[in-house]
Amino acid sequence: MRKYISIFELFARSTIYKILPILVAMGATQIFMFRKAMLEWFPADSYHLDFQAIEYYTLEYMMDRSKSEIFLGIAFVAITAILCWNGCNIGSKSSYTIQRLQVTEKKIFIMQSIYNSLCYVLLLGTQIGVFFIQSSLYAARAGHLTNQTIFLAYYRNDFMHSVLPLEGTIRWLVNILIILGCGTSAAMFSYLQRRGKRTLSLLIIIAFVLLGYVQELGEVLGFVIVVFIWVPVAFWLYRHLIQKKEGE
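Notes on the structure follow. (Residues numbered from 1 in each chain as written. Predicted model: local features only at pLDDT ≥ 70, side-chain atom pairs only at ≥ 80, totals over all residues. Heavy atoms only, no water.)

### With respect to the overall build of the protein
- When helices and strands are tallied, the protein shows 10 helices and 0 strands.
- Reading the protein from its N end, one meets helices and strands in the order α-α-α-α-α-α-α-α-α-α.
- Going through the 248 residues of the protein one by one, you find that 44% of them count as buried.
- Here the contacts in the protein between residues at least 6 apart in sequence split such that 80% fall between residues at least 24 apart.
- For the protein, the accessible surface area stands at approximately 13,400 Å², while carbon and sulfur atoms represent 66% of it. (Helix = DSSP H or I, 4+ residues; strand = E, 2+ residues; numbered from the N terminus. Buried < 20%, exposed > 50% of the residue type's maximum accessible area, 1.4 Å probe, protein only. Contact = heavy atoms within 4.5 Å. Areas by Shrake-Rupley, 256 points an atom, 1.4 Å probe, with all protein chains shown as cover.)

Okay, structure coming up:
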């Protein structure tokens, strides 16, 4: 067990101090843009009107106005690049370090896939935390709200519902499969790079996630995204891990 913990520590030391500033920058920018959208779109104080005097001045509208999904996408790409770089023979021979761990590369690949997936969980967890802060800012300025105002916003706004589906069981499953697929594909990128091989499939996966992650409530496009992620991942796993013997 200690050697597996050492592997996790190796991956964490190489990436976590690069990932955390990205998460902080993402959250700070999203909160700043959200506040900017609230203050600029309708200066209610200047007209002595209630914050919700206009029907379209809702939490979900402010979320769309602040373009928070763009900054999540940028953070996703940046973190993916860091995770792919981790374990590659670029700058330093990572394969030498890995060989000294006395663990097969296939097991290291599995551990790296799990670690990468946890990093994506951290990304979405940070986004959910930002949602709560934005909701609190909105509630503080809006004044009188019903008990359902913020709750319903997570259903009405595609971005908020995609990240935090609440009772959307299918969407939770889609998110889990996307996280595992991205974590595995990033680990596979490093695995192949150490063997002098390259693949462009990861770029296709990233493109599908960026273009298809945010969906309308009830859409089945999420499963299409999952298919486009897991088809190349399954092909890689079979060809480079299952079919080949250790050491090839």
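### Remarks on the environment of valine 227
- As for its placement among the helices and strands, valine 227 is situated in helix H10 (residues 221-242).
- As for valine 227 and isoleucine 178, which are separated by 49 residues in sequence, their C-alpha atoms are 9.5 Å apart.

### Focus on unusual backbone geometry
- Although it is not a glycine, lysine 67 adopts a positive phi angle of roughly 55 degrees.
- Residue classification places lysine 67 among the partly exposed positions, given a relative accessible area of 43%.
- A positive phi angle, near 60 degrees, is found at leucine 166, a position not held by glycine.
- Along the chain, the position of leucine 166 falls in the loop between helix H7 (158-163) and helix H8 (169-193).

### A short note on a nonpolar patch on the surface
- Together, Ile110, Ile114, Leu118 and Val121 give the surface a local cluster of nonpolar side chains, amounting to about 340 Å² of exposed area.
- Looking at the element boundaries, isoleucine 114 is found in helix H5 (residues 105-142).
- With relative accessibility at 40%, the residue isoleucine 114 sits in the partly exposed group. (Patch = residues over 30% accessible without salt bridge, like charges linked within 9 Å, V, L, I, M, F, W, Y side chains within 5 Å. Salt bridge = Lys/Arg side-chain N within 4 Å of Asp/Glu carboxyl O.)

### A look at the side chain of serine 162
- For serine 162, the location among the structural elements is in helix H7.
- Given a relative accessible area of 1%, serine 162 falls into the buried group.
- Polar contacts involving the side chain of serine 162 include one to the main-chain carbonyl oxygen of aspartate 158, which spans 2.7 Å.
- In this view, serine 162 contacts Arg171, Asn175, Tyr213, Val214 and Gln215; residues no more than four positions away in its chain are not counted. (Polar contact = N/O pair within 3.5 Å; in protein donor to acceptor, adjacent residues only side chain to side chain.)

### Focus: the side chain of arginine 171
- Looking at the element boundaries, arginine 171 is found in helix H8.
- The class of arginine 171 is buried, set by a relative accessible area of 10%.

### A short note on the pattern of salt bridges
- Throughout the structure, instances matching the rule amount to 1 salt bridge.
- Here glutamate 60 ties to arginine 156 by a salt bridge, and the two come within 3.5 Å at their closest N and O atoms. Residue glutamate 60 is found in helix H2 (residues 59-66), and its partner arginine 156 is found in helix H6 (residues 149-156); the two are separated by 96 residues along the sequence.

### Digging into helix H3 (residues 68-85)
- With 18 residues, H3 extends 26 Å between its outermost C-alpha atoms, agreeing within 8% with the 26 Å of an ideal straight helix rising 1.5 Å per residue.
- Glycine 87 occupies a position one or two residues after H3 and carries a positive phi of about 95 degrees. (Expected span 1.5 Å × (residues − 1).)

### Observations concerning the environment of tyrosine 4
- Mapping tyrosine 4 onto the fold places it in helix H1 (residues 2-41).
- Tyrosine 4 sits in the partly exposed class, given a relative accessible area of 22%.
- Tyrosine 4 sits 99 residues away from valine 103 along the chain, and the two C-alpha atoms are 8.4 Å apart.
- Among all residues touching tyrosine 4, those that are not within four sequence positions of it are Val103, Lys107 and Met111.

### A look at the nonpolar core
- Ile79, Leu83, Tyr120, Leu123, Val163, Ile178 and Val209 are the most contacted members of the largest nonpolar core, which totals 59 residues.
- At 12 residues, the largest contribution of residues to this core is made by H5.
- Setting aside residues up to four positions removed in sequence, leucine 83 forms contacts with Thr15, Ile19, Gln112, Tyr115, Asn116, Cys119, Tyr120, Ala186 and Ser190. (Core = buried A, V, L, I, M, F, W, Y, C linked by side-chain atoms within 4.5 Å.)

### What about the packing of aromatic side chains?
- Taken as a whole, this structure holds 7 aromatic pairs when the rule is applied.
- Consider the rings of phenylalanine 131 and tyrosine 154, whose centres lie 6.0 Å apart with planes at 80 degrees: the pair is edge-to-face. Note that phenylalanine 131 is positioned in helix H5 and tyrosine 154 in helix H6, a separation of 23 residues in sequence.
- When its relative accessible area of 0% is taken as the criterion, phenylalanine 131 is described as buried. (Phe/Tyr/Trp six-rings, centres within 6.5 Å; stacked < 30°, edge-to-face > 60°.)

By themselves these figures say nothing about function.
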